[in-house]
Amino acid sequence: MHAGLRITAFAAALAATFGTAYGVGQGVGPVTEGAKPAPHDAHTGDGDSGHSESPGHSGHESPPAGGLQISENGYTLDLQTLRLTAGRTADLRFAIRAEDGRAVTAFRREHDKELHLIVASRDLNTYRHLHPTRAADGTWSIPVSLPSAGGYRVFADFTPEKKGAENLTLGADLAVSGTYAPRNLPAPNTIATTEGYEVKLGGALRPGAARELKLTVSRGGRPVTDLQPYLGAYGHLVALRSGDLAYLHVHPGGEPGDGSTEPGPDISFTATAPSSGTYRLFLDFKHEGKVHTAAFTVRAGGAATGEGASEEAPHESSGGHGH
């Protein structure tokens, strides 16, 4: 592992959350079906506790980080599936509840969907971007299979259909039982490979400052210039902070049909890191009718090192992406 990526904060957080159930630090051990999930996070503020901004950015106000709270602005993520078994497909069910306890059934469409569901392992090796189905009573559900045992975080990204309502990202913990083997955070990289595609990352995250990130897609050494729209853009980017899995809102630059945004090979985004630290970036893009995922590890405050490192990022089948 790269010397600059010792994930002490991650190990501590995981040990605290799942130490009893999973035996973190004990190597490989069983996770039982009866293990209780960890309590949901209840942080307040923007979730930057324990993180300081890099020098030169002390005068900037960091943007709020989402996903650290199960309740915010009167809305609560009611995760009804608290545990799954590794390698088995089962329904993940949840509801968004208002202050009166009733399930919310009216949502504003954002990026072509009423709600975006992200599931990520605490070690940030596994990532799923899902689009569940909402029943008339407000219960959301989707079949999901997660490959490895351990702790996961479930993020619901949505905007209630209510005057003045703001976009929210709520988070809750999910336990996945099975034989648990600790994994390190992937090493920093500016090149990722996935299913025959190569994606290069340009730009860098900066604490408290908006910066452009440009991702360039190629296949077989040739630039891909016919990307297809996905969630209202030619790509969708999610950023998660290692350690507490703070969820960053990343905004695409331009959109299909605006007269200036080309369908590849470059996809641009604007992002602001709420603090210094290590982040995982997950890019979903669509080509020839299929969604692919490329993943990167970067440090806020500097470009990623270790260029040339690559990995096969986990991805969903077309059904898993909600198509």
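Criteria and thresholds
Residues numbered from 1 in each chain as written. Predicted model: local features only at pLDDT ≥ 70, side-chain atom pairs only at ≥ 80, totals over all residues. Heavy atoms only, no water. Helix = DSSP H or I, 4+ residues; strand = E, 2+ residues; numbered from the N terminus. Areas by Shrake-Rupley, 256 points an atom, 1.4 Å probe, with all protein chains shown as cover. Pairing = 2+ DSSP bridges. Salt bridge = Lys/Arg side-chain N within 4 Å of Asp/Glu carboxyl O. Buried < 20%, exposed > 50% of the residue type's maximum accessible area, 1.4 Å probe, protein only. Phe/Tyr/Trp six-rings, centres within 6.5 Å; stacked < 30°, edge-to-face > 60°. pLDDT = per-residue confidence, 0-100. Contact = heavy atoms within 4.5 Å.

(A) Looking closely at the overall build of the protein chain. Helix and strand counts for the protein chain come out as 1 helix and 21 strands. Summing over all exposed atoms, the protein chain offers an accessible surface of approximately 13900 Å²; the carbon and sulfur share of this is 47%.

(B) Inspection of the sheet that holds strand S17 (residues 247-248) at higher detail. Strand order in this open sheet of 4 strands is S17-S16-S20-S21, and the pairing throughout is antiparallel. In the strand order of this sheet, the two ends are held by S17 and strand S21 (290-300), each with one partner.

(C) Examining the pattern of salt bridges more closely. A full pass over the atoms with the stated rule returns 9 salt bridges. The partner of Asp-123 in a salt bridge is Arg-183, and the shortest N-O contact between them spans 3.1 Å. You can see Asp-123 sitting in the loop between strand S6 (115-121) and strand S7 (127-130) and its partner Arg-183 sitting in the loop between strand S11 (168-180) and strand S12 (191-194), a full 60 residues away along the chain. Owing to a relative accessible area of 27%, Arg-183 belongs among the partly exposed residues under this scheme. The salt bridge involving Glu-288 is made with Arg-219; its shortest N-O contact spans 3.0 Å.

(D) Representation of the packing of aromatic side chains in the model. For the structure shown, the criterion picks out 7 aromatic pairs. Measuring from centroid to centroid gives 6.4 Å for Tyr-75 and Phe-158, while their planes differ by 75 degrees, and the two rings are edge-to-face. Within this pair, whereas Tyr-75 is found in strand S3 (residues 75-79), its partner Phe-158 is found in strand S10 (residues 150-158), the two being separated by 83 residues in sequence. Judged by its relative accessible area of 11%, Tyr-75 is buried.

(E) Region of the structure containing the pairing of strand S16 (residues 236-241). Counted residue by residue, S16 has 6 buried out of 6 residues, so it is predominantly covered. Alternating residues of S16 divide into His-236, Val-238 and Leu-240 and Leu-237, Ala-239 and Arg-241, and every residue in both groups is buried. In the sheet, S16 pairs with strand S20 (residues 277-287) via 6 bridges, with the strands oriented antiparallel. When the sheet's bridge partners are listed, Leu-240 is paired in S20 with Arg-280. Bridge count for S16 against S17 is 2 bridges, and the pairing is antiparallel. Counted as the bridge partner of Leu-240 is Tyr-247 from S17. The antiparallel pairing of S16 with S17 creates a hairpin that spans 5 residues between the two strands, and Gly-243 there sits at a positive phi of about 110 degrees.

(F) Layout of the confidence of the model for the protein chain. On average, residues of the protein chain score 81 in pLDDT, and 73% of them reach the 70 mark or higher. Per-residue pLDDT stays below 50 along residues 1-61; that stretch engages in 119 contacts with residues further than four places along the chain or on separate chains. Counting contacts from residues 303-323, a segment whose pLDDT is below 50, to residues more than four positions away or on other chains yields 67 contacts.

(G) Just the pairing of S12, in detail. Where S12 meets strand S13 (residues 197-202), 4 bridges bridge the pair, whose relative direction is antiparallel. Note that in S13 the partner of Ile-191 across the bridge is Lys-200. Here S12 folds back onto S13, and the loop between the two strands holds 2 residues, one of which, Glu-195, carries a positive phi near 50 degrees.

(H) The sheet that holds strand S2 (residues 71-72), seen in detail. As summarised here, the arrangement of the 5 strands in space is S2-S3-S5-S9-S8, forming an open sheet in which the pairing is antiparallel. The open sheet is flanked by S2 and strand S8 (133-134), the only strands paired with a single partner. Note that strand S5 (residues 90-97) and strand S9 (residues 139-144) share 6 bridges and pair antiparallel. Following the sheet pairing, Ala-90 is matched in S9 by Val-144.

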